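The lines below spell out each chain.
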Amino acid sequence: MLKRINTVLQDVDMNFQRMVQTLNKSARDSLEQFICGQQDVASVFKRLAEADTPSAVCGHVFKPGETCYNCRDCGQDATCVLCVQCFTHSQHKQHRYRISTSEGGGYCDCGDPEAWTSGSPCCSLHTPGAEQGRSAQQVLADMPRDLVDRASHVIFNVVRYALDVSTDPKAVDDLVSAVKEKELFPDLKFPLQYSNYCCVLMNDESHSYEEVTRVLERVLPKPGPQLARELTTYVDKHGKAVIRVGNYKDCVTVSSNIEARTRIASRSVLKSKVLPSYIVAHQTFVTRLLEWLPSLFRVSSGFRAVFSQVLFMNRPDTNVKIQRQTCNCVGLACRRPDMHTEHKNDLHPLCEAVLLNDSNSWKKLRSLWLSLMIEGLMKDYDSKKQLASMFARNYPSIVHSFVTDDQERDSSVMSLSVQIFTVPSLTLYLIEHCSALSGMLQGFLNLLQESQEEDGQLVLQHEERNEFERGLSSLLDLTYLLNVVPSPEQWTDGLRRSFQAGVGKVLEILWMMQGMDGMKRQVGQHVELEDSMWKLTYELQSYLGDVLRLVVNWSTSDLSVLKHVISATLGCIVNKNSSWQEVKEVSKHLAFLGPPKVFTVLDYDVAKDTVTLHTPLHRLLAGLLAELHRYDSNVVVTCRQRVEEQLSLARLVEPVVQVSAVVAQINIGMWRRNGSQAESQAFLYTSKKYCPGMREADLLLLQLTAALTHDVDTFLVTLLARFKLTKWATGDLDSEATVRAEDRKSTRLNSSHP
């Protein structure tokens, strides 16, 4: 009996697959016949293919887990990769290369001259022919005008239909099957009457494979372990799956059970939707249409030019509306005015709508849009430039959607950033003309703004960890954008203004980070509850360190920019530390400094007062000041003047001296009662692996201050005071009993004043 049932199910599945193939072929043939203007599509496509000049760029889109190759001798950077077929037919197999697996979303760079530093950029399969000089636009110009008009009409309506169905299908009036369709297709009578709703399970990053399988086994009527596993696999691969078909009540019951079972057991609810069956059918049809469109590009590059023209059209009659998240900024200084309710009905070109509509799509549809944009826009430089400009201008909104999303990055439109910001000829253009640096930093600032205190101090919370980690990917995009430093001839007034505006955003982030995670030495007893929020701060510091090194490289390549950035950094330091500690006069007899003398130092004891290890503004300033010697031989005088115009050297270096002193105290065990927070921060501070450059930048600023100061004696006394070595310098050593007595006194004072 069981064998007969399995045989019947296999026959049903085979019949269903044949029916799907028949429907796909019918829809595809109808569209192609309309484009060609006749039924003989093969002959028309053959003539177009013979007149075509294929692109030298391979453009093969990698799937997750697919093998790719990076040539270490010829590649511009680690992101320039080849597919297996291009690599085996290229000269790079004789070079030093690295094999890796793709995370998905990228494409093969074979044929792109900007991806390779030497040798031929093409493999033998993509070697340019005699007519390679013809662009896609030139091929389009030779195509029949009526055919181009029909192709434009089809491509526009397919893209518009796909956006409408994925954005707000219920608002589209003509999606519901009318009386005419029911008469023409009698097979629709039963499903429209009895199976008019579907319960659709959505994919996310929060729930494991086993969790989803277990939930399906419990909520579905007699699903069986195998069916539950197959549904889970389908959801993971395609982003959603229909798990129940029936009337509205049955589907809502399944959806409610899924929510109830995951609300308590998991960190977040496993999402499911109850949709009318006709909407699910249209969404399925959309994926088949988007799978068909790239086949036109392979017939002729002229179709690729048509696709580019359609997506970048900016006319009121062709632009579309999309559903976007509303900005909740009541009482806050909003940085996302484009997401206010008054912009809800704004119209967007099709390409911009695709970029901004990513969060409304599911995994498979996102992957199809991504592949379509790579194959249709990234193979031609002009189209790539237009796409890059639009991507850069909308970057803050794209980042916001990505951060609040729960899907994998490889299927997100954010993965286009690697393909766009690693093109050397585009980066300078995007920074100068599209304010790419400011826009990208603004996207990250929007995320940090939600974690600010009233005084502007940044405080990261574990509840925001997932969004924070996704937001850090925008800092990786910044390293791609700033990787190519402009030469002196490439600097223009527009580039200077745009870069300086971007540096202002960097300084805003550093200003928020300055003084984070302050801590006070625990005496008497061990801290009751150890805080681990400091880990997120060091994670941010680790990502931001690469960006700051590139900012220094850019700044030091032009003198006027370097002076501006130094002045702006000093201004931020003064603004952050506007309230200085009171100073006191101390008299010490230091034998190696001559006769007794009164020195004025800041009154601060790092063993008793609150201290922080985060001084990113000072570390950026140290890197900038150290490069002034490139342009000024009298660098000591120039540097001193530039610093003392803002504040004294003693007050400038004070936070760095405090950091050095407290790290020394932690390393000798004076902060052991603070638990792992203090010891771990001191370890990361000195680690060259996790946070390289922090300790070195502080030491560099101390050395610069010692070289610039007029009064070296006062500077040395300041160091001795912070390290509590003034008595040691005079020979009046503190006894261990005295130190313990001071600690006991501090403990009594703390206990009497809770």
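Given the structure is predicted, the values throughout are model-derived calculations rather than measurements.

About the thresholds
- Residues numbered from 1 in each chain as written.
- Predicted model: local features only at pLDDT ≥ 70, side-chain atom pairs only at ≥ 80, totals over all residues.
- Heavy atoms only, no water.
- Helix = DSSP H or I, 4+ residues; strand = E, 2+ residues; numbered from the N terminus.
- Contact = heavy atoms within 4.5 Å.
- Areas by Shrake-Rupley, 256 points an atom, 1.4 Å probe, with all protein chains shown as cover.
- Salt bridge = Lys/Arg side-chain N within 4 Å of Asp/Glu carboxyl O.
- Buried < 20%, exposed > 50% of the residue type's maximum accessible area, 1.4 Å probe, protein only.
- Pairing = 2+ DSSP bridges.
- Axes fitted to C-alpha atoms, helices over the stretch in contact; angles between N-to-C directions.
- Parallel < 35°, antiparallel > 145°, perpendicular 65-115°, else oblique.
- Left-handed = near helix turned anticlockwise from the far one by under 90°.
- Nonpolar A, V, L, I, M, F, W, Y, C, P; charged D, E, K, R; others polar.
- Phe/Tyr/Trp six-rings, centres within 6.5 Å; stacked < 30°, edge-to-face > 60°.
- Patch = residues over 30% accessible without salt bridge, like charges linked within 9 Å, V, L, I, M, F, W, Y side chains within 5 Å.
- Disulfide = S-S within 2.5 Å.

## Focus on the overall build of the chain
Line of reasoning, step 1. Each helix and strand in the chain was counted, giving 32 helices and seven strands.
Line of reasoning, step 2. In the chain, of all internal contacts separated by at least 6 residues, the share reaching a separation of at least 24 is 78%.
Line of reasoning, step 3. When the accessible surface of the chain is summed, it comes to about 37400 Å², and 52% of that surface belongs to carbon and sulfur atoms.

## Concerning the pattern of salt bridges
Line of reasoning, step 1. The final tally for this structure, using the stated rule, is 21 salt bridges.
Line of reasoning, step 2. Salt-bridge contacts for Asp698 lead to Arg619; the nearest nitrogen and oxygen are separated by 3.1 Å. Here Asp698, found in helix α29 (residues 694-708), pairs with Arg619, found in helix α25 (residues 616-625); they are 79 residues apart in sequence, far enough to count as distant.
Line of reasoning, step 3. For Arg619, a relative accessible area of 9% gives the class buried.

## Here's the deal with the environment of Ala141
Line of reasoning, step 1. As for its placement among the helices and strands, Ala141 is situated in helix α4 (residues 136-141).
Line of reasoning, step 2. Using a relative accessible area of 61% as the deciding quantity, one classes Ala141 as exposed.
Line of reasoning, step 3. Sequence spacing of Ala141 and Ala305 is 164 residues, and the spatial spacing of their C-alpha atoms is 9.8 Å.

## Description of the sheet that holds strand β3 (residues 197-202)
Line of reasoning, step 1. In spatial order, the strands read β4-β3-β5; together these three strands make up an open sheet with antiparallel pairing. Of all strands in the sheet, those with a lone pairing partner are β4 (240-246) and β5 (272-276), marking the two edges. Ignoring strand direction, the axes of neighbouring strands in this sheet form an average angle of 30°.
Line of reasoning, step 2. Against the sheet, helix α9 (residues 225-238) contacts β3 and β4, and its axis sits at roughly 130° relative to β4.

## Focus: unusual backbone geometry
Line of reasoning, step 1. Unusually for a residue other than glycine, Ser435 sits at a positive phi of about 50°.
Line of reasoning, step 2. The residue Lys724 is not glycine, and still its phi comes out positive at about 55°.
Line of reasoning, step 3. Examined against the element boundaries, Lys724 turns out to sit in the loop between α30 (712-722) and α31 (726-730).
Line of reasoning, step 4. Given the relative accessible area of 40%, Lys724 is considered partly exposed.

## A look at the packing of helix α21 (residues 473-481) against helix α23 (residues 534-555)
Geometrically, a packed helix pair is captured by the angle between its two axes and the distance between the axes.
Line of reasoning, step 1. In the contact formed by α21 and α23, the axes pass within 9 Å of each other and the chain directions differ by 20°. As judged from the angle between their axes, α21 and α23 are roughly parallel. Regarding α21 and α23, the two cross each other, and that crossing is left-handed. On α23, the residues that touch Leu475, Leu476, Leu478, Thr479 and Leu481 of α21 are Leu540, Tyr543, Leu544, Asp546, Val547, Leu550 and Trp554.
Line of reasoning, step 2. Residues that form the contact of α21 with α23 fall into these classes: 10 nonpolar, one polar and one charged.

## Considering the packing of aromatic side chains
Working definition: an aromatic ring pair is given by the centre-to-centre distance plus the angle between the planes.
Line of reasoning, step 1. Summed over the entire model, instances satisfying the criterion amount to 15 aromatic pairs.
Line of reasoning, step 2. Judged by centre distance (6.3 Å) and plane angle (65°), the ring pair of Tyr161 and Phe285 falls under edge-to-face. Taken together, the residues Tyr161 in helix α5 (residues 145-167) and Phe285 in helix α11 (residues 277-299) connect sequence positions 124 residues apart.
Line of reasoning, step 3. Note on Tyr161: relative accessible area 19%, which makes it buried.
Line of reasoning, step 4. Between the aromatic rings of Phe391 and Tyr395, the centroid separation amounts to 5.9 Å while the plane-to-plane angle is 65°, which identifies the pairing as edge-to-face.

## So, the side chain of Gln681
Line of reasoning, step 1. The topology assignment puts Gln681 in helix α28 (residues 676-686).
Line of reasoning, step 2. The class for Gln681 is buried, based on a relative accessible area of 0%.
Line of reasoning, step 3. Contact partners of Gln681, with chain neighbours within four places excluded, come to Met519, Trp534, Tyr538, Leu613, His614 and Ser676.

## What to know about a nonpolar patch on the surface
Line of reasoning, step 1. Where nonpolar side chains cluster on the molecular surface, the patch consists of Phe723, Leu725 and Trp728 and spans about 290 Å² of accessible area.
Line of reasoning, step 2. Its place among the elements puts Trp728 in helix α31.

## Structural notes on the side chain of Ser474
Line of reasoning, step 1. Among the secondary structure elements, Ser474 is positioned in helix α21.
Line of reasoning, step 2. Exposure remark for Ser474: the relative accessible area of 1% places this residue in the buried category.

## Side note on the state of the cysteines
Line of reasoning, step 1. This model, assessed by the stated rule, comprises zero disulfides.
Line of reasoning, step 2. Its sulfur unpaired, Cys74 is 3.9 Å from the next cysteine sulfur, which belongs to Cys71.
Line of reasoning, step 3. Since its relative accessible area comes to 3%, Cys74 is described here as buried.

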